[in-house]
Amino acid sequence: MTPTLRAVLGPTNTGKTYLAVERMTAHQTGMIGFPLRLLARENYDRIAEKHGRTSVALITGEEKLIPPKPRWYVCTVEAMPLDLTVDFLAVDEVQLCADPERGHVFTDRLLRARGREETMFLGSDSMAGMIRSLIPDIQIETRPRFSTLSWAGEAKLNRLPRRSAIVAFSVDKVYEMAETLRRQRGGTAVVLGALSPRTRNAQVEMYQAGEVDYLVATDAIGMGLNMDVDHVAFAALQKYDGSRRRPLTAPEMGQIAGRAGRHMNDGSFGITNERKPPDEEIIRRIVEHDYPPVQRLYWRNASLDFGSPKRLLASLREPALRPELSRARDADDQLALDALIRDDAVMARSGTPEAVHLLWDVCQIPDFRKVMADHHAQLLGRVFLTLRDNNGALPEDWVAEQIARLDRTDGDIDTLTNRIAHVRTWTYISHRSDWLADAAHWQERARAIEDTLSDALHRALINRFVDKRAAMLGRGKGKGDATASIVNAKGHVLVEGHVVGRLDGLRFQPEDAADRREAKALIAAARQAIDAALPGIVSSLENAPDPDFGVSPDGKITWRGRSLACLTAGENLLRPGLRLDRDTVLDTGTESVLTERVKAKLQDFLDGFIRRRLSVLLEEAAPEALGASGRGILYHLREGLGAVHRKEIAGLIDNAPGEDKAALKAMGMRLGVDWVYLDGLLSTRAVRARALAWAAWKGAPVPETPSVSGHGSRAIPTVPSASGPPEAWPCIGYVPMASKALRMDRYEALAALLRRAKGGPITCDKAFFETTALPDTDAATEVLQSLGYRKVEGAATDQIDPPLQFEKRKSSRKKTPGRKSAGRKTKAKPANHKQMDPNSPFAVLKNWGKS
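Residues numbered from 1 in each chain as written. Predicted model: local features only at pLDDT ≥ 70, side-chain atom pairs only at ≥ 80, totals over all residues. Heavy atoms only, no water.

## Here's the deal with the overall build of the chain
A tally of helices and strands in the chain yields 28 helices and 35 strands. Across the 851 residues in the chain, those meeting the buried criterion constitute 50%. Residue pairs at least 24 apart in sequence account for 66% of intrachain contacts in the chain once pairs closer than 6 positions are excluded. When the accessible area of the chain is evaluated, it comes to approximately 41700 Å², of which 49% is carbon and sulfur surface. (Helix = DSSP H or I, 4+ residues; strand = E, 2+ residues; numbered from the N terminus. Buried < 20%, exposed > 50% of the residue type's maximum accessible area, 1.4 Å probe, protein only. Contact = heavy atoms within 4.5 Å. Areas by Shrake-Rupley, 256 points an atom, 1.4 Å probe, with all protein chains shown as cover.)

Laid out in structure tokens, this is it:
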């Protein structure tokens, strides 16, 4: 059979890798090399799942999973075991032959790696001319992109569409972009070349699962990482290539931008972070996949001279023999060899070809930490000398000591990243079974530490760059978005597993909302769960007993201690209405069925609340035999919420027959000198209900009411007119006196006491305070002075602490002798006219009312 040699070229998203894997598994044996360990692992898992793990091997620098008789080998390009003969061989991303750092490895595979029956090279069509020049008999086929890639222009970071990847070219810039996206859009996944494959996988899976909608990465995402990216935004258009900072080329930008749009889904690319757009010619080349042909490949001599370290180094520096090839930049292994040659101890132990072979194998240990070359060379020199001193083996106690230092998960992101890079070096060493007595044990030990550190790094990245709740809220802003949300048994509202708040009755309490804007977003996210739970909550409210409801002192109707509505003016003074609070989860702007059911239940409770406390005022409480005058008196009492000034109903009182007065007295009516009131409405519960009814009818704040229950309530200070207007006090059973308010029964008791004194002195003794319920002598002084009394100073007494005495204040007005009223006519008084005492309580109240 004539071996088939073919190159399958084209832009990203053309199915080249899928084709190669299908062709390999169609052969009895095969091998494929990928540019990244992550890609190798991804394709290994896919093949193993389909064909079984006994059929496929994984070989990378840090990981070897080789069953007894594998049919296919999935490798990184550097780790391909070219000494094996297989039926099929493929190399992915062969355009990396032009990479200054790794290009010589890919060029070597292009020139030397072959399958017995079929060989396939995959890459960009910009390699077509160079491949044809180096391999004239190769078959070249091109494949079109499944989807289109378009230029989207510039967009600010907070305006980028969901499922966007933001690309920067330094760790600091990646972290800066990620921090900004966390604040503005809830967070992002992070992909860096320095991350371990396990951490990178976890970050990519988090993005793929939709836990975050953005990904910030370096150009590491350009090498075949398959993700559902719709848009790629460049945050920078320059990169450091190891020797200088230079602009990105069109193929480099195209390789990265090509991550947008997978399979048949179109993608777009643009810029962000206020970058200047690339040249129009570069944009055109990316959109049309029209890149200039590769003109030069990097090469390094593969025929090495192991006669001595210096001869080995000289053979590595051999020039290329073809014009298409350029000698590669000194790679890490070559730099390490150059440094070790200057070490006398190393040179002294490298006198045989076998020792030089060993030295070169040690130089292959990768510098995952990317530390200074001399520092890495020190580690390699120690490994080499230890191997030479121990017959080619590493002492287990020394290896254990080196690895144990790395088994720690404390530290920040940079510390964990550096520790993972260090343990990856030991993972690579552990796969040299010829160097370790129990290589399998150390492979497992190193891998376990790397996995633990990788998980810790993944958590650290999430803690720093992801606010899952904010990300969920951001996704909830899209139209038509459906999120999984529930209300659990404790009332917690969970949206996609995140607690966004608590449903307390009919009120939603956002969970730690930073501001009002975020609180609204939380409510919007929880709306689906709330709407589903509402019917059950309303049914529970309808069936709740009266003790579950209440009316707060400020006129709020509560259910289980939470406000639901406020009182408003209703049909009449004794039947206030209500208005639902706007911040309940009910749709208070519409006449929904649930809203009307809640209002009906609350109104029913409110009616019962007033009925129980003010039942004596209701029309059905009036005795059937009550006459017209009695009904008139009761009407005025009802309009005054249980109190009316006697002057207003003097005619009704005079005309009321004894039967009516007796019936009203039985209802609790008391006829005072100045006020007519219902004694049964002076309890704290009744006074509070009267205050609520008055405030609802007037649309005013609820006046302050006393908190002491029963008839022993003491005087309380009046409150400012803003919260307790003076006209409210009689309606709640109190009469204002200066800055105090006396309950009506106490007011009438004081008036009776003053009448009995007949203008004589008043002694503020124990009986006085028990009668008036005034709290102290200061209050008594204030009230009596407002009634025209003054304190008697220095009254003679034998008591050590005598009670205060007050006497009627004499008028200070003096008549001018010999002066008559000029031109003033006075109205003659009737013979039976009784002059009102100007200092009587009624006269004082009358004057106060006029003022």
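## Things to note about the sheet that holds strand β24 (residues 556-559)
Ordered in space as β23-β24-β25-β26, the four strands form an open sheet in which the pairing is antiparallel. Since the sheet does not close on itself, it has two edges, and those belong to β23 (549-551) and β26 (575-580), each with one partner. On average, each strand axis in the sheet is inclined to that of its neighbour by 35 degrees, with strand direction left out of account. Looking at chain direction, strand β25 (residues 562-572) and β26 are connected through five bridges and run antiparallel. Counterpart to Leu-567 in the pairing with β26 is Leu-578. Here helix α19 (residues 593-613) sits on the sheet and contacts β23, β24, β25 and β26; the angle it forms with β26, its principal contact strand, is near 145 degrees. In this fold helix α23 (residues 684-698) packs onto β23, β25 and β26, with an angle of close to 70 degrees to the strand it touches most, β25. (Pairing = 2+ DSSP bridges. Axes fitted to C-alpha atoms, helices over the stretch in contact; angles between N-to-C directions.)

## Side note on unusual backbone geometry
Positive phi, close to 60 degrees, is recorded for Glu-274, a residue that is not glycine. Tracing the backbone shows Glu-274 in the loop between β16 (267-271) and α8 (280-288). Glu-274 sits in the exposed class, given a relative accessible area of 71%.

## What to know about the sheet that holds β16
Strand order across the open sheet formed by six strands is β9-β16-β13-β10-β12-β11, with parallel pairing between neighbours. Looking at the sheet topology across the chains shown, the edges are occupied by β9 (149-154) and β11 (189-191). In this sheet, neighbouring strand axes are inclined to one another by 20 degrees on average, regardless of whether the strands run parallel or antiparallel. As paired strands, β9 and β16 are joined by five bridges and run parallel to one another. Within the sheet, the bridge partner assigned to Gly-153 lies in β16 and is Gly-270.

## Focus: the packing of α19 against α23
Here α19 crosses α23 at 130 degrees, and the two axes come no closer than 9 Å. For the element pair α19 / α23, the angle class is oblique. Between α19 and α23 the crossing geometry is left-handed. From α19, Phe-609, Ile-610 and Arg-613 reach across to α23, where they touch Arg-685, Ala-686, Ala-689 and Leu-692. Looking at the contact of α19 with α23 residue by residue, the class counts come to five nonpolar, no polar and two charged. (Parallel < 35°, antiparallel > 145°, perpendicular 65-115°, else oblique. Left-handed = near helix turned anticlockwise from the far one by under 90°. Nonpolar A, V, L, I, M, F, W, Y, C, P; charged D, E, K, R; others polar.)

## Some points on the nonpolar core
Membership of the largest hydrophobic core comes to 62 residues, with the highest contact counts inside it found for Ile-166, Leu-337, Val-362, Val-383, Leu-394 and Trp-435. At nine residues, the largest contribution of residues to this core is made by helix α16 (residues 439-465). Residue contacts for Val-383: discarding those within four places in its chain leaves Val-362, Ile-365, Leu-394, Trp-398, Ile-429 and Trp-435. (Core = buried A, V, L, I, M, F, W, Y, C linked by side-chain atoms within 4.5 Å.)

## Regarding the pattern of salt bridges
Opposite charge on two side chains permits pairing when their charged atoms draw close. For the coordinates displayed, the defined rule picks out 51 salt bridges. Across the pair Asp-108 and Arg-112 runs a salt bridge whose closest N-O atoms are separated by 2.6 Å. Placement of the pair is Asp-108 and Arg-112 together in helix α3 (residues 103-112), with a separation of four residues, close to one helical turn. On the basis of relative accessibility, which here comes to 10%, the residue Asp-108 falls in the buried class. Take Arg-112: its relative accessible area is 52%, and that puts it in the exposed class. Beyond isolated ion pairs, a larger network of salt bridges with shared partners links Arg-37, Arg-41, Asp-45, Arg-53, Glu-62, Glu-63, Arg-424, Arg-447 and Glu-450. (Salt bridge = Lys/Arg side-chain N within 4 Å of Asp/Glu carboxyl O.)

## Focus: the pairing of strand β10 (residues 164-167)
Residues Ser-164 and Ile-166 of β10 are buried on one face, and the alternating residues Ala-165 and Val-167, pointing to the opposite face, are buried as well. Inspection of the sheet shows β10 paired to strand β13 (residues 231-234) by four bridges, in the parallel sense. What sits directly across from Ser-164, in β13, is His-231.

## Notes on helix α2 (residues 37-51)
In this model α2 runs 21 Å from its N-terminal to its C-terminal C-alpha over 15 residues, within 8% of the 21 Å that 1.5 Å per residue would give. Along α2, the positions that sit buried rather than exposed are Arg-37, Leu-38, Leu-39, Ala-40, Asn-43, Tyr-44, Ile-47 and Ala-48. Where α2 terminates, the next one or two residues include Gly-52, which has phi positive at roughly 100 degrees. (Expected span 1.5 Å × (residues − 1).)

## Describing the environment of Pro-292
Relative to the elements of secondary structure, Pro-292 occurs in the loop between α8 and β17 (297-299). In the structure, Pro-292 is positioned 41 residues away from Pro-251 in sequence and 8.2 Å away in space, judged by C-alpha atoms. If we ignore the near neighbours within four places in the chain, the residues touching Pro-292 are Ser-126 and Arg-285.

## Re helix α25 (residues 744-757)
Helix length check: α25, at 14 residues, gives a terminal C-alpha distance of 20 Å against a target of 20 Å (1.5 Å per residue), a fit within 8%. Of all 14 residues in α25, ten are buried, a share of seventy percent or more. Here α25 has its buried residues at Met-744, Asp-745, Arg-746, Tyr-747, Glu-748, Leu-750, Ala-751, Ala-752, Leu-753 and Leu-754. In the stretch just after α25, Lys-758 is the one whose phi turns positive, near 50 degrees.

## Side note on the packing of aromatic side chains
Scanning the entire structure with this criterion turns up eight aromatic pairs. Summarising the aromatic geometry, the rings of Trp-398 and Trp-426 are spaced 5.5 Å apart at their centres and angled 70 degrees between planes, so their arrangement reads as edge-to-face. Highlighted residues: Trp-398 in helix α14 (residues 396-404) and Trp-426 in helix α15 (residues 413-430), separated in sequence by 28 residues. For the residue pair Trp-398 and Trp-426, the accessibility class agrees, reading buried in each case. Through a chain of ring-to-ring contacts, three or more aromatic side chains come together here, namely Phe-549, Trp-559, Phe-605 and Phe-609. Here the basic side chain of Arg-163 rests over the ring of Tyr-207, its NZ or CZ set 3.9 Å away from the ring centre. Lying across the ring of Tyr-175, Arg-464 places its NZ or CZ 4.9 Å from the centre. (Phe/Tyr/Trp six-rings, centres within 6.5 Å; stacked < 30°, edge-to-face > 60°. Lys NZ or Arg CZ within 6 Å of the ring centre and 35° of its normal.)

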